[in-house]
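An overview of the molecular structure
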Amino acid sequence: MGKVKVRKGFQQARWNEPIIYEMSTPGQRAIYVPQPDEEVRAKAGDVLAGLPAGMRRKELPNLPELSQKHVLMHYLHLSQETMGSNICHDISEGTCTMKYNPRVNEELVAVPNFAELHPCQDEDTVQGILEIYYRFEQIIKEISGMSRVTFQPGGGNAAVYTAASTVRAYWESKGELDKRNEIITTIFSHPCDAAAPHTAGFKVITLYPDKNGFPDIEALKAAVSEHTAAIFMTNPEDIGLFNPRVEEFVKIVHSVGGLCFYDQANANAFLGVARARDAGFDMCHFNVHKTFGTPHGGSGPANGAFCCSEELTRFLPVPTVEFDGAKYYLDYDRPESIGKVRDFMGTAGVIVRAYAWTMMMGPDGLRECADASVINNNYMEKKMMEIPGLSSAFMGNGHRRQEQIRYSWEKLKADTGVGTNEINNRVVDYGLPHYWTSHHPWEIPEPMTLEPCETYSKDDIDEYVETMKIIAKEAYEQPEVLMAAPHKAASHKRNDEESLDNPEKWALTWKVYVKKHGNK
Amino acid sequence: MKKKLGLIVNPVAGMGGRVGLKGSDGADILQRAIELGAQPESPQRAKHALEKLLTIKEEIELITYPYEMGAQEARDCGFDPVIIGTVERGRTTPQDTVKAARDLAEQKVDLILFAGGDGTARNIYDAIGDRDVPVIGIPAGVKIHSAVYATNSRNAGEVALLYLQGKIKKILDSEVMDIDEDAFREGRVTAKLYGYLKAPHEERLVQGLKSGRTEGEASALNSIADQVIEDMQADVLYIIGPGTTTRPIMQKLNLKFTLLGIDAIRNKELVANDLTEKQLLDLIQGKKAKIIVTVIGGQGYIFGRGNQQLSPRVLRQVGKENIIVITPRNKLTALGGKPLLIDTGDYEVNSMLSGYYRIITGYEQTIMFKAE
């Protein structure tokens with residue numbers, strides 16, 4: 001029995017840090033750039049003279065004006081107000097596969113020979129990174145069973161969009177795009193499996209689950225037709241259930257001529273266990289940035305590996321990385337290519353880290369990663385189910401969960417008035433990060449989705465469960481504590497939920513904020 | 001200036017439920033309920049809601065009717081209400097609810113908080129109709145099908161609090177539904193959509209309790225209407241069912257719309273408003289027709305509630321393949337895994353219409369959903 005260390009004494013730094021623009025003082029400067037000597041000035045002439053008029057600013061850019069020290073202070077304060085994955089146990093962020101990312105791989109990408117590469121360099125001078133791309137493609141081909149892989153997409157959604165573009169190109173090449181205009185997905189697949197095809201111009205049909213929580217196969221039969229272009233499905237789905245009839249799904253879609261795309265964002269459950277191609281899929285993708293041991297997209301640059309069958313390789317984005325027996329090179333001569341889905345070759349840093357991680361793990365290690373993450377999750381589920389007021393999606397359907405679970409605080413809410421939002425505000429008081437509820441709208445009431453990846457120890461899981469137990473007990477005994485949470489965290493409650501949903505109100509930049517809300 | 005809050009408690013709401021009477025409307029039934037030992041439910045629930053408002057006690061003027069219609073509950077919670085109107089203590093009637101709602105509207109209250117069931121909501125609707133008085137219901141009755149009710153009494157208080165504090169600004173037309181209680185007690189369910197009252201809406205507190213954040217209602221309705229109009233075929237008669245989900249279709253086409261009735265259009269021109277079953281049968285005779293309906297009443301019914309004009313004969317003639325179901329996705333989520341329901345009164349037609357529907361939930365977005 002390990003030490004269970006619930007962090008009751010946790011207290012996060014709370015700076016209540018203003019937005020940097022709000023601290024701007026006219027005239028303050030972080031850097032005064034020294035003026036060039038007369039001699040330099042005379043030699044250089046008017047360096048801006050060649051700049052076209054249309055590219056010249058008429059007004060100074062609206063930048064905040066602060067001293068260098070205040071800029072540094074500001075960002076240090078902000079860094080202390082986060083609950084990032086390496087500060088605490090990020091079991092919280094279910095579906096995000098927040099496993100520990102080995103530091104040694106950070107050293108690798110910081111090596112100047114790699115870090116100083118420029119994507120416009122001549123092929124002859126970048127043989128090393130091209131070799132890594134080429135070798136990593138061979139590995140991903142083996143893991144997925146597919147014929148080719150591109151690492152150009154800048155994340156999971158971009159890889160799914162690449163799949164949608166491939167489906168479009170495929171039907172266009174057959175002259176049937178007008179008729180093949182529908183893509184089917186399932187409600188517990190990642191929402192990008194609906195959004196990306198929609199963006200690519202397809203109509204979307206979403207399947208709801210049957211009574212056991214699996215995608216309703218009868219609904220699929222009712223949905224397929226001569227208009228079906230493809231199915232885009234995640235498996236295991238975001239509630240942690242692996243669809244045991246996945247091959248039947250593929251057969252049904254193939255029977256009407258449609259293509260099948262496997263969203264493998266949740267691949268941690270089956271690395272080295274099951275292969276998309278073996279189940280009949282024509283395409284799949286991996287979130288390289290999470291499954292293969294590199295920081296998740298939200299906390300680092302992302303990369304999506306898009307994989308396809310031989311028949312679809314002609315549509316891959318350009319360029320592909322090829323090897324002629326002596327030299328690695330980029331192939332742009334692919335007339336049926338869907339074009340580019342991102343500048344250059346995607347996020348090279350992620351590929352280097354992932355390649356290093358995969359080589360370190362080896363084939364057996366990948367299988368062990370899947371086994372450990374599934375065992376961790378099932379252990380955690382058993383412990384979590386002792387907590388009063390907690391249940392899980394489609395509990396008792398007789399099927400084990402894979403690497404994650406969507407729990408539900410529905411009963412606790414009915415018993416105490418304390419729901420998942422309040423508990424989420426409370427977990428940070430114990431030094432745990434805010435957890436993932438689910439996509440909206442909540443199909444499972446009062447949801448909480450947790451994923452104890454293979455890198456968390458039994459002690460880590462025990463600590464997490466123990467904290468949840470304490471919080472559930474608080475909900476029954478002192479609900480007012482939870483209603484007012486968080487008490488020890490940097491962040492305050494959102495007081496205006498609508499700002500997240502209403503396009504009239506939301507703002508991702510200061511400029512937009514001022515435009516929508518006025519300068520206040 | 002202090003905000004004015006009107007309070008109405010229907011003290012007998014819910015009394016029938018515990019003794020198995022499926023409702024408390026009608027003097028005879030109430031008498032039977034009391035004989036069976038029924039206890040008042042709504043005063044306690046009203047108090048749960050009022051307790052949520054104690055934090056702003058000094059900032060509001062609470063206006064209510066005497067005795068058990070609000071005054072008693074308000075005082076028990078520590079409020080000092082302004083009391084208007086007269087009632088006979090211990091013998092209040094639905095007419096008192098109507099009178100109270102009318103008087104409170106006259107007083108220009110900012111919000112009416114009321115405790116009761118579907119019958120009470122109807123009484124309030126009878127009194128204030130389309131007037132611009134926001135209301136929020138504390139669910140205390142046997143039948144709660146109307147959307148003006150919060151999900152429980154404390155949430156009703158919470159919605160009232162946030163609205164009076166100006167934190168909820170959105171007002172939605174919310175359905176007032178009721179069923180025929182005489183029929184209901186005999187085991188037949190026939191529900192009717194009586195109209196709409198204006199209720200403060202906060203996704204997080206009303207729908208949000210069940211389904212989290214959702215796409216804004218207005219934006220969803222807008223994109224559904226765009227899809228329906230884009231799909232419309234020439235020379236086909238479109239029969240438009242009642243409700244706020246179908247309304248934007250007619251609004252976008254600049255056509256007169258019957259909120260509680262059935263309209264028909266062809267080639268984007270109005271054919272007729274507020275049709276009866278007979279008129280519908282005449283219209284579709286030998287013609288190609290499609291029916292556009294939404295999920296009515298929050299329970300998942302697509303036929304048999306609020307649109308009885310779409311009778312078994314009409315439905316049989318139009319056929320399942322010509323039925324277009326539209327709804328914002330959050331209405332499906334709120335069903336919590338239950339199927340859509342069909343209750344036309346004709347077993348054969350029910351079974352003909354059961355099966356999967358490809359429901360339009362947005363522009364180029366559909367959901368396969370089962371109806372039973």
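Residues numbered from 1 in each chain as written. Chains lettered and ligands numbered in written order. Predicted model: local features only at pLDDT ≥ 70, side-chain atom pairs only at ≥ 80, totals over all residues. Heavy atoms only, no water.

Before going further, it helps to examine the pattern of salt bridges. Under the defined criterion, the tally for this structure stands at 37 salt bridges over all chains. Its salt-bridge partner being Arg426 of chain A, residue Glu474 of chain A comes within 2.8 Å of it at the nearest N-O pair. Highlighted residues: Glu474 of chain A in helix α14 (residues 458–477) and Arg426 of chain A in helix α13 (residues 420–427), separated in sequence by 48 residues. We note that Glu474 of chain A, like Arg426 of chain A, is buried. One salt bridge in this structure joins Arg329 of chain B and Glu443 of chain A, with 3.1 Å as the shortest N-O distance. Pair noted here: Arg329 of chain B is in helix α14 (residues 329–333) and Glu443 of chain A is in the loop between α13 and β12 (447–450), and the two residues belong to different chains. Connected through shared salt-bridge partners, Glu137, Arg148, Glu322, Asp331 and Arg334 of chain A make up one network. (Salt bridge = Lys/Arg side-chain N within 4 Å of Asp/Glu carboxyl O. Helix = DSSP H or I, 4+ residues; strand = E, 2+ residues; numbered from the N terminus. Buried < 20%, exposed > 50% of the residue type's maximum accessible area, 1.4 Å probe, protein only.)

If you look at the biggest cluster of nonpolar residues, it comprises 59 residues, and the most contacted ones within it are Phe136, Ile140, Leu220, Leu271, Phe281, Phe286 and Phe292 of chain A. With 10 residues, helix α11 (residues 348–384) of chain A is the single largest residue contributor to this core. Not counting residues up to four positions away in its chain, the partners in contact with Leu271 of chain A are Ile143, Phe286, Thr291, Phe292, Trp357, Leu366, Arg367, Cys369 and Ala370 of chain A. In terms of nonpolar packing, the next biggest core, distinct from the first, is built from 40 residues, Phe214 of chain A together with Ala264, Ala289 and Val349 of chain B among them. (Core = buried A, V, L, I, M, F, W, Y, C linked by side-chain atoms within 4.5 Å. Contact = heavy atoms within 4.5 Å.)

Turning next to the domain arrangement of chain B. For chain B, the assigned domains are domain 1 (3–211) and domain 2 (217–371). The centre of domain 1 of chain B, based on its C-alpha atoms, is set 31 Å off from the matching centre of domain 2 of chain B. (Domains from an automatic or database assignment.)

Residue and element names in this part refer to chain A. One pass over the full model with this rule turns up 18 aromatic pairs over all chains. Taking 5.2 Å as the distance between ring centres and 25° as the angle between the ring planes, the aromatic pair formed by Phe136 and Phe151 counts as stacked. Separated by 15 residues along the polypeptide, Phe136 in helix α5 (residues 127–144) and Phe151 in the loop between β1 (148–150) and α6 (156–173) bring together distant segments of the chain. The residues Phe136 and Phe151 share a single accessibility class, namely buried. Arranged with centres 4.2 Å apart and planes meeting at 25°, the rings of Phe323 and Tyr328 form a pair that is stacked. Overall, Phe323 belongs to the partly exposed group, its relative accessible area being 32%. Residue Tyr328 is classed as buried on the basis of its relative accessible area, which comes to 10%. (Phe/Tyr/Trp six-rings, centres within 6.5 Å; stacked < 30°, edge-to-face > 60°.)

This paragraph deals with the sheet that holds strand β11 (residues 405–408) of chain A. Adjacent strands of a sheet pair through backbone hydrogen bonds, lying either parallel or antiparallel. Residues and elements named next belong to chain A. Strand order in the open sheet made by the 3 strands is β10-β11-β12, with antiparallel pairing throughout. Pairing within the sheet leaves two strands with one partner each, and these edge strands are β10 (391–392) and β12. In this sheet, β12 lies alongside β11 in antiparallel orientation, the contact comprising 4 bridges. Bridge pairing in β12 links Ile405 to Leu450. Docked against the sheet, α11 engages β10, β11 and β12, running at close to 10° with respect to β11. (Pairing = 2+ DSSP bridges. Axes fitted to C-alpha atoms, helices over the stretch in contact; angles between N-to-C directions.)

This next bit is on the sheet that holds strand β5 (residues 135–139) of chain B. Residues and elements named next belong to chain B. Here 5 strands make up an open sheet; going across it, the order is β3-β2-β1-β4-β5 and the pairing parallel. Two strands in the sheet have a free side with no partner beyond their single neighbour: β3 (82–83) and β5. Across 5 bridges, the pairing between strand β1 (residues 3–9) and strand β2 (residues 60–64) is parallel. Looking at β2, one finds that Gly6 is bridged to Ile63. Against the sheet, helix α7 (residues 153–164) engages β1, β2, β4 (111–116) and β5, with an angle of about 160° to β5.

Moving on: the pairing of strand β15 (residues 355–362) of chain B. Residue and element names in this part refer to chain B. Buried residues dominate β15, accounting for 6 of its 8 residues. Pairing analysis gives 7 bridges linking β15 to strand β16 (residues 365–371), with the strands arranged antiparallel. Looking at the pairing, Tyr357 lines up with Phe369 of β16. Hairpin remark: β15 followed by β16, antiparallel, with 2 residues in the connecting loop; positive phi at Glu364, about 55°.

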